[in-house]
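# Notes for the structure review
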Amino acid sequence: MKLNKVYIAVTDLDKAKVFYADILGFELINESQKELEFKVGRSILNLIEYQTNALYHFAFEIPINLLESAAAWLQDRDIQLILPDEEKSVFIDIEIWNARSIYFYDP
């Protein structure tokens, strides 16, 4: 599935801007007092400031042959990768989807 635009509520727009623009390097294409829009591949990530803290899970597709370098790239930017259940590896294999994943939190 390819999504054209994803809306996410955030409680701190300033922290989100630093994370997505400065750390991840996504192109900021629109900014207002209550919203940020980033170009992410062929999609738009729209962050809307909202008072209630909500938890979301969304993913960025990374070619399998680039997954290890993507993990290193994130760690080079001091992004803490989530270790699954006392494992030593940051990679999570999801057999039902024939997928391998890495996870991290944003602000």
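Because the structure is predicted, anything quoted here is derived from the model rather than measured.

### Focus on the pattern of salt bridges
- Counted according to the given criterion, the structure contains four salt bridges.
- Measuring nitrogen to oxygen at the nearest pair gives 2.6 Å for the salt bridge that ties lysine 5 to glutamate 37. Of this pair, lysine 5 sits in strand S1 (residues 5–10) while glutamate 37 is found in strand S3 (residues 35–40), placing the two residues 32 residues apart along the sequence.

### Topic: the nonpolar core
- In terms of nonpolar packing, the biggest core is built from 22 residues, with Tyr20, Leu24, Phe38, Leu45, Leu47 and Ile102 touching the most fellow members.
- Sorting the residues of this core by element identifies S1, helix H1 (13–23), S3, strand S4 (43–49) and helix H2 (67–76) as the ones contributing at least two each.
- Examining the composition of this core, we find that five residues originate from one element, H1, more than from any other.
- Sequence-distant contacts of leucine 47, defined by excluding residues within four places in its chain, comprise Ile8, Val10, Leu13, Ala16, Tyr20, Lys34, Glu35, Leu36 and Phe38.

### Concerning the layout of surface pockets
- Reported here for the largest pocket is a volume of approximately 2000 Å³.
- Lining the largest pocket we find 49 residues, and of these His57, Phe58, Ala59, Phe60 and Glu61 sit closest to its centre.
- At the level of secondary structure, the elements contributing two or more residues to the lining of the largest pocket comprise S1, H1, S4, H2 and strand S6 (99–101).
- The residue makeup of the lining of the largest pocket, split by class, is 35 nonpolar, eight polar and six charged.
- Both domains that furnish three or more residues to the lining of the largest pocket are identified here as domain 1 (1–52) and domain 2 (60–106).

### A short note on H1
- Here H1 has its buried residues at Leu13, Ala16, Phe19, Tyr20 and Ala21. Projected down its long axis, H1 shows its buried positions confined to an angular sector of 165°, all on one face. Residues Asp14, Lys15 and Asp22 are exposed on H1 and point more than 90 degrees away from its buried face.
- Two residues or fewer past H1, glycine 25 is found with a positive phi of approximately 80°.

### A look at the confidence of the model for the protein chain
- Per-residue confidence for the protein chain gives a mean pLDDT of 89, with 96% of residues at or over 70.
- Ranking the helices and strands of the protein chain by mean pLDDT puts strand S2 (residues 27–31) first, with 97, and strand S5 (residues 92–94) last, with 80.

### Some thoughts on the domain arrangement of the protein chain
- Each assigned domain of the protein chain is listed with its residue range as follows: domain 1 (1–52) and domain 2 (60–106).
- Taken over C-alpha atoms, the centre of domain 1 sits 21 Å from the centre of domain 2.
- On the side of domain 2, nine residues touch domain 1, which itself brings seven residues to the contact.
- Of the roughly 600 Å² buried at the junction of domain 1 and domain 2 (both faces included), carbon and sulfur atoms supply 74%.
- If you sort the residues of domain 1 by the area they bury against domain 2, Phe19, Ile23 and Leu24 come out on top, with a joint share of 63%.
- Seen at the junction of domain 1 and domain 2, the total is zero salt bridges.
- Applying the counting rule to domain 1 against domain 2 returns one residue pair in polar contact (both at pLDDT 80 or more).
- In terms of residues, the side of domain 1 that touches domain 2 owes the most to one element, H1, which gives three residues.

Rules used in this analysis
In every chain, residue numbers begin from 1 and rise along the written sequence. pLDDT decides what is reported in this predicted model: residues at 70 or higher carry local features, side-chain atom pairs at 80 or more are listed and counted, and totals for whole chains, interfaces and linings draw on all residues regardless. Water and hydrogen atoms play no part in the side-chain values, which are based on all heavy atoms of the structure. Any Lys or Arg side-chain nitrogen located within 4 Å of an Asp or Glu carboxyl oxygen qualifies as a salt bridge. Here a strand is any run of E in DSSP of at least two residues, a helix any run of H or I of at least four, and the numbering for each starts at the N terminus. Here, nonpolar core means buried Ala, Val, Leu, Ile, Met, Phe, Trp, Tyr and Cys residues that are tied together by side-chain atoms lying within 4.5 Å of each other. Only protein chains enter the area calculation, which uses a 1.4 Å probe; residues under 20% of their type maximum are buried, those over 50% are exposed, and those in between are partly exposed. Residues count as neighbours in contact if any of their non-hydrogen atoms are within 4.5 Å of one another. Points on a 1 Å grid over protein atoms alone make up a cavity when a 1.4 Å probe fits among them but cannot get out, and a pocket when they form an open set with protein on both sides within 12 Å along at least five of seven lines; lining residues each have an atom within 4 Å of a point. Grid points are joined across faces, edges and corners, and a volume is the space filled by probe spheres set on the points. Residues are sorted three ways: Asp, Glu, Lys and Arg are charged, Ala, Val, Leu, Ile, Met, Phe, Trp, Tyr, Cys and Pro are nonpolar, and all the rest, Gly among them, are polar. Residue ranges assigned to each domain were obtained from an automatic or database domain assignment. Comment: arc refers to directions from the helix axis out to C-beta atoms. Summary of the metric used: pLDDT quantifies the predictor's per-residue confidence within the range 0 to 100. Put simply, buried area is how much 1.4 Å-probe accessible surface two parts lose in total, over both of them, once they are put together. Any pair of N or O atoms that falls within 3.5 Å is considered a polar contact. Within protein, one atom must be able to donate a hydrogen and the other to accept it, and sequence-neighbouring residues count only if both atoms are side-chain atoms.

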